[in-house]
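# Structure at a glance
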Amino acid sequence: MTKRAYITTPIYYPTAKPHMGSAYTTMAADVYARFKRLDGYDTRFQTGTDEHGQKMQHAAEKLGMTPQAFVDEQSAAYRDLAPLLNLSDHNFIRTTEPRHYAAAQHLWSKLVDAGYIYKDSYAGWYCVADEAYYTEAELIEKDGERMAPTGRPVEWLEQESYFFKLSAFQDKLIEHYTNNPTFIQPESRRNEVMSFVKGGLEDISVSRTTINWGVPVPGDDKHVMYVWLDALTNYATGDGYPGEMPFFNEAIHLVGKDILRFHAVYWPAFLMGANEPLPKQIWAHGWLTKDGTKMGKSNNNVLDPQELINQYGIDAVRYFFLREVPFGNDGDFSHERMVQRCNTDLSNDVGNLFQRVLSMVAKNCAGQVPALGTLRTEDEALLQQAAALPALVRGHVDQLNFHKALAAIWDVVGAANKYMDTQAPWTLRKENPEQMAHVLRVLLECFRPLAVLLAPFMPASAQTLQTQLNYHVITLEELEQAGQIGLTEGTALPAPQGVFQRFELEQAA
Ligand code: ME8
């Protein structure tokens with residue numbers, strides 16, 4: 001049976017150019033997708049843009065454009081992220097596509113048929129920036145004004161509206177969270193959602209008559225659907241809804257913690273109401289911050305991914321954010337930390353190690369994989385640690401603990417560096433060339449899993465490392481089956497070349 005995986009990013013509001021925050025979620029999703037493919041899974045990876053709603057309509061009006069012309073222009077910048085971030089094969093969805101209208105309207109009709117949608121009138125607070133309704137009790141006060149909990153302005157809204165009976169799902173949601181303890185990750189976020197739901201749920205307004213930029217409500221086109229009901233459906237649309245959804249049971253929705261409630265409460269309730277399957281998991285990561293404040297379009301403090309990538313290269317950027325910020329926590333960017341990670345982790349720890357070993361092989365072993373002698377305890381220890389790495393990394397990536405996966409890889413890098421220093425093959429060169437060859441071979445064997453497992457994180461650099469070893473595997477299974485020894489004596493290796501660049505802080509900052 002084919003093993004399947006499905007990873008999604010939020011669909012981004014294309015009101016402004018993408019910043020490092022949206023790039024962060026997308027890079028993490030790409031690492032997961034690449035890893036699952038390496039691990040033999042038929043993998044679906046989806047990202048896209050969320051193009052309806054009041055916010056979009058207002059932004060277009062300000063520029064004197066039609067909403068459609070506006071989103072066509074704006075969403076292109078999000079599609080252009082793919083080559084910039086070196087994304088693997090993926091599906092890019094736009095909520096203005098006909099296939100998505102069909103999916104959203106189908107879900108709506110099923111909710112109507114099941115009796116979970118009814119018409120009433122709405123009077124309450126709405127925040128356009130968040131595209132969210134808030135209760136009086138949730139509002140905060142700032143400079144004598146009522147504000148959303150996010151600190152953004154709210155407006156009083158009174159209109160005829162359709163409602164979704166969210167209140168009917170309190171027990172069912174709690175039951176689902178309880179029976180599926182990893183449905184919401186990480187654990188601390190799960191607890192937050194649990195206590196929110198236990199506090200009681202109110203029905204939510206799911207249509208608008210004050211705007212017309214949205215998916216029309218079936219049978220009543222005075223109304224358009226609430227943008228979140230429309231947007232959340234994208235994950236199903238992309239998997240073929242209302243047809244069969246081959247990947248949906250495996251879906252992991254990767255989101256920032258800002259939009260957890262929509263994904264962990266509303267979305268499963270909509271699906272339960274329509275009697276559709278639920279995704280496997282909602283994983284909420286933390287925020288990239290600038291001087292402690294969330295990096296965001298409306299905060300004027302964004303890092304431009306293009307600039308950062310021009311400066312450091314995409315692999316270093318991918319590595320930095322996934323290694324530096326424990327996935328789930330908030331994290332600040334600084335050039336100082338970036339330069340340090342590039343120079344220490346990449347250039348010294350990995351780059352120099354490969355370069356030293358490969359140069360010695362080029363000079364002293366005729367540029368060929370040298371012969372292995374009898375394995376001693378210290379050789380076995382290193383080879384065993386390297387051979388155990390694929391399973392360790394798999395365990396961490398399956399839980400989206402990217403920083404732990406990288407830390408485990410660097411444990412082996414550290415052990416290899418230590419082995420190299422203790423064995424000192426450069427001193428063996430004259431006194432015992434056979435032993436030198438043996439030591440170099442042990443190191444080359446230990447490099448195999450490193451070059452393969454780094455590929456989901458730093459695709460281009462890992463490719464170069466594999467070329468240097470003349471070792472390419474298609475799946476993790478092949479790597480694991482080879483065990484501790486996978487190279488063939490006498491295989492020619494190309495001339496060694498540097499893989500990772502060094503940076504000077506003064507120039508970088
Ligand atoms: O919320 N740090 O779109 P959005 C980390 N359209 N991640 C960040 C971030 C930061 N500083 N800033 C943004 C929407 N993100 C809706 C989603 S899904 C059905 C609809 C990432 O453009 C993070 O993933 O505001 C966050 O959840 C998302 O961008 C919000 O993107």
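Residues numbered from 1 in each chain as written. Predicted model: local features only at pLDDT ≥ 70, side-chain atom pairs only at ≥ 80, totals over all residues. Heavy atoms only, no water.

## What about the environment of Ala437?
- Positionally, Ala437 belongs in helix H18 (residues 433–453).
- Among the residues examined, Ala437 registers a relative accessible area of 14% and is labelled buried.
- Sequence spacing of Ala437 and Gly373 is 64 residues, and the spatial spacing of their C-alpha atoms is 8.3 Å.
- The residues contacting Ala437, other than those within four sequence positions of it, are Pro370 and Ala371. (Helix = DSSP H or I, 4+ residues; strand = E, 2+ residues; numbered from the N terminus. Buried < 20%, exposed > 50% of the residue type's maximum accessible area, 1.4 Å probe, protein only. Contact = heavy atoms within 4.5 Å.)

## Structural notes on the pairing of strand E4 (residues 117–127)
- Judged from the 10 bridges that link them, E4 and strand E8 (residues 155–164) form a sheet pairing that is antiparallel. From the neighbouring strand, Ala123 faces E8, where its bridge partner is Glu158.
- Examined bridge by bridge, E4 and strand E5 (residues 132–134) share 3 bridges and lie antiparallel to one another. Across the sheet, residue Tyr126 finds its bridge partner in E5, namely Tyr133.
- Hairpin geometry of E4 and E5 is characterised by an intervening segment of 4 residues between the two adjacent antiparallel strands and by a positive phi of about 50 degrees at Glu131. (Pairing = 2+ DSSP bridges.)

## A look at the sheet that holds strand E18 (residues 331–332)
- Taking strand neighbours across the sheet as the criterion, the 3 strands line up as E17-E16-E18 in an open arrangement whose pairing is mixed. Only two strands of the sheet have a single neighbouring strand rather than two, namely strand E17 (293–294) and E18.
- One ladder, built from 2 bridges, connects strand E16 (residues 288–290) with E17; its direction is antiparallel. The residue bridging Lys290 from the neighbouring strand is Thr293, located in E17.

## Considerations on the site of the ligand
- Around the ligand there are 25 residues in total, and Ile11, Thr25, Asp50, Leu288 and Met295 lie nearest to it.
- In the model, an oxygen atom of the ligand is placed 3.0 Å from a nitrogen or oxygen of the Gly256 main chain.
- A distance of 2.7 Å is found between a nitrogen atom of the ligand and a backbone nitrogen or oxygen belonging to Met295.
- Coverage of the ligand by the protein chains reaches 95% of its 670 Å² of free accessible surface.
- Mapped onto the shell around the ligand, the elements with two or more residues apiece are strand E1 (4–12), helix H1 (20–38), helix H8 (227–232) and helix H9 (234–237).
- When its residues are assigned to classes, the shell around the ligand shows 13 nonpolar, 8 polar and 4 charged. (Near = heavy atom within 4 Å. Polar contact = N/O pair within 3.5 Å; in protein donor to acceptor, adjacent residues only side chain to side chain. Areas by Shrake-Rupley, 256 points an atom, 1.4 Å probe, with all protein chains shown as cover. Nonpolar A, V, L, I, M, F, W, Y, C, P; charged D, E, K, R; others polar.)

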